[in-house]
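Inside the fold
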Amino acid sequence: MKRASAEEWEVSAIAAQEPRLNEEITVRECRLIGFDGEQMGIYVTAEAQRVADNQGLDLVEIAPNAEPPVCRIMDYGKFKYDQAIKAKQARKNQSKVETKEMKFRPKIDVGDYTTKKKHVMRFLDAGNKVKITIMFRGREMAHPELGLTILERLADDLKDEAVIENQPKMEGRNMHMLIAPLPAAVAAKKKKENEKKEAEGKDE
């Protein structure tokens, strides 16, 4: 297992919780780490604060439970800003799974069914789950099997691309079924996207 560097450990320790800064640090002495990561030894906290002040930087308590506590000289505002940017980038890079909806009628014709099925396939290809809704009106309520037939037909047509997450269920005048892209299909798509990004990176 890869061991984290001292700097990576410090960053994660600081990010885990809001540390005490400058005059908030009440311990009498601390082990001081310089702005460049240099181990400066044990300092009286007031003296460590003066060193940080002289550099126009902050004194940040990164390991309050150590003996003595560890403080680091840094630009805390810039650190927090950088962390926020990284967190935003990480969220941006995460694949967001959305749930789309496609509505069918129990007596849908072949052409309309084919068109709607293509839309569902596009949603699945984008990594989204799809809620399939069969809408019943008037006397159609007496024949829920018509809706069930459509859902079973759709599930069979998409068996190589989707898995049923929620089986068909009647709710009021509508029948619902939730399908999701097959994990293998999602993994293959992600691999293809990564290969495309790598190829674009080499071209630049």
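Conventions adopted
- Throughout, a residue's number is its position along its own chain's written sequence, starting from 1.
- With pLDDT at 70 or above as the cut-off, local features in this predicted model cover only qualifying residues; side-chain atom pairs require 80 or more to be listed or tallied, and sums for whole chains, interfaces and linings still use all residues.
- With hydrogens and water set aside, each side-chain value is computed from the structure's full complement of heavy atoms.
- A run of H or I in DSSP counts as a helix once it spans at least four residues, and a run of E counts as a strand once it spans at least two, with each numbered from the N terminus.
- Exposure is judged per residue with a 1.4 Å probe applied to protein chains only, and the accessible area is read against the type maximum: over 50% gives exposed, under 20% gives buried, and values in between give partly exposed.
- By definition in these notes, contact holds between two residues if any of their heavy atoms fall within 4.5 Å.
- Method for areas: the Shrake-Rupley scheme with a 1.4 Å probe, in which residue coverage is limited to the protein chains shown.
- Counting of polar contacts relies on pairs of N or O atoms within 3.5 Å, with two restrictions inside protein: one atom must be capable of donating a hydrogen and the other of accepting it, and residues adjacent in sequence are counted only when both atoms are side-chain atoms.
- Strand pairing is assigned whenever DSSP identifies at least 2 bridges connecting the two strands.
- In this description, a line fitted to the C-alpha atoms serves as the axis of each element, helices being fitted only across the stretch in contact, and the angle between N-to-C directions of two axes falls anywhere from 0 to 180 degrees.
- One less than the residue count of a helix, multiplied by 1.5 Å, gives the span that helix is expected to have.
- Here the arc refers to the set of directions running from the helix axis out to each C-beta atom.
- For Phe, Tyr and Trp, rings pair up if their centres lie within 6.5 Å, where Trp contributes its six-membered ring, and each pair is then called stacked (planes under 30 degrees apart), edge-to-face (over 60) or tilted (otherwise).
- Definition used: whenever NZ (Lys) or CZ (Arg) falls within 6 Å of the ring centre and also within 35 degrees of the ring normal, the charge is taken to sit over that ring.
- What counts as a salt bridge is simple: a side-chain nitrogen of Lys or Arg found within 4 Å of a carboxyl oxygen of Asp or Glu.

1. Digging into the overall build of the chain
- Per the secondary structure count, the chain includes six helices and eight strands.
- Within the chain, buried positions represent 30% of all 204 residues.
- Sequence-distant contacts, at least 24 apart, represent 57% of the contacts inside the chain between residues at least 6 apart.
- Of the roughly 13,900 Å² that the chain leaves accessible, carbon and sulfur atoms contribute 51%.

2. With respect to the side chain of histidine 176
- Relative to the elements of secondary structure, histidine 176 occurs in strand E8 (residues 174-181).
- By relative accessible area, which is 13% here, histidine 176 ends up buried.
- A polar contact is formed between the side chain of histidine 176 and the side chain of threonine 133, at a distance of 3.1 Å.
- Beyond its immediate stretch of four places on either side in the chain, histidine 176 contacts Lys131, Ile132, Thr133, Leu151, Gln167, Pro168, Lys169 and Glu171.

3. Quick word on the sheet that holds strand E1 (residues 29-33)
- If you walk across this open sheet you meet the four strands as E2-E1-E4-E3, and the pairing is mixed. Bordering the open sheet on either side are strand E2 (39-44) and strand E3 (58-63), each of which pairs with just one other strand. Across the sheet, the mean angle separating the axes of adjacent strands is 35° when strand polarity is ignored.
- Across five bridges, the pairing between E1 and E2 is antiparallel. Looking across to E2, one finds that leucine 32 is bridged to glycine 41.
- Here helix H2 (residues 45-54) sits on the sheet and contacts E1, E2, E3 and strand E4 (70-74); the angle it forms with E2, its principal contact strand, is near 125°.

4. Structural notes on helix H5 (residues 144-157)
- The end-to-end C-alpha distance of H5, which contains 14 residues, comes to 20 Å, matching closely the 20 Å that a straight helix rising 1.5 Å per residue would cover.
- Taken together, the buried positions of H5 are Gly147, Ile150, Leu151 and Leu154. End-on, the buried residues of H5 take up no more than an arc of 95°, which puts them together on one face.
- Contacts made by the buried residues of H5 are with strand E5 (99-104), helix H4 (110-125), strand E6 (129-135), strand E7 (162-171) and E8.

5. A few points about the side chain of threonine 45
- One can find threonine 45 in helix H2.
- Of the polar contacts made by the side chain of threonine 45, one reaches the backbone oxygen of valine 27; its length is 2.7 Å.

6. Some remarks on the packing of aromatic side chains
- Taken as a whole and assessed by the stated rule, the structure comprises two aromatic pairs.
- Between tyrosine 76 and phenylalanine 79, the aromatic rings sit 6.0 Å apart at their centres with planes inclined by 25°, giving stacked as the arrangement. Here tyrosine 76 and its partner phenylalanine 79 are both found in helix H3 (residues 76-93), three residues apart, which amounts to about one turn of the helix. No difference in accessibility class separates tyrosine 76 from phenylalanine 79, as the two residues are buried.
- Aromatic side chains phenylalanine 104 and tyrosine 113 sit 6.1 Å apart centroid to centroid with 55° between the ring planes, which places their arrangement in the tilted category. Grouping residues by exposure puts phenylalanine 104 and tyrosine 113 together as buried.
- Above the face of the phenylalanine 104 ring, lysine 116 is positioned so that its terminal group lies 6.0 Å from the ring centre.
- One cation-aromatic arrangement involves arginine 122 over phenylalanine 123; the distance from NZ or CZ to the ring centre is 5.7 Å.

7. Overview of the pattern of salt bridges
- Scanning the entire structure with this criterion turns up nine salt bridges.
- The residue lysine 78 makes a salt bridge to aspartate 82 at a minimum N-O spacing of 3.1 Å. In this pair, lysine 78 and aspartate 82 are both assigned in helix H3, four residues apart and thus about one turn of the helix distant.
- Taking the shortest distance from any N to any O, the salt bridge between aspartate 157 and lysine 117 comes out at 3.8 Å. Residue aspartate 157 is located in helix H5, and its partner lysine 117 is located in helix H4; the two are separated by 40 residues in the primary sequence.

By themselves, these are just geometric observations and shouldn't be taken as functional.
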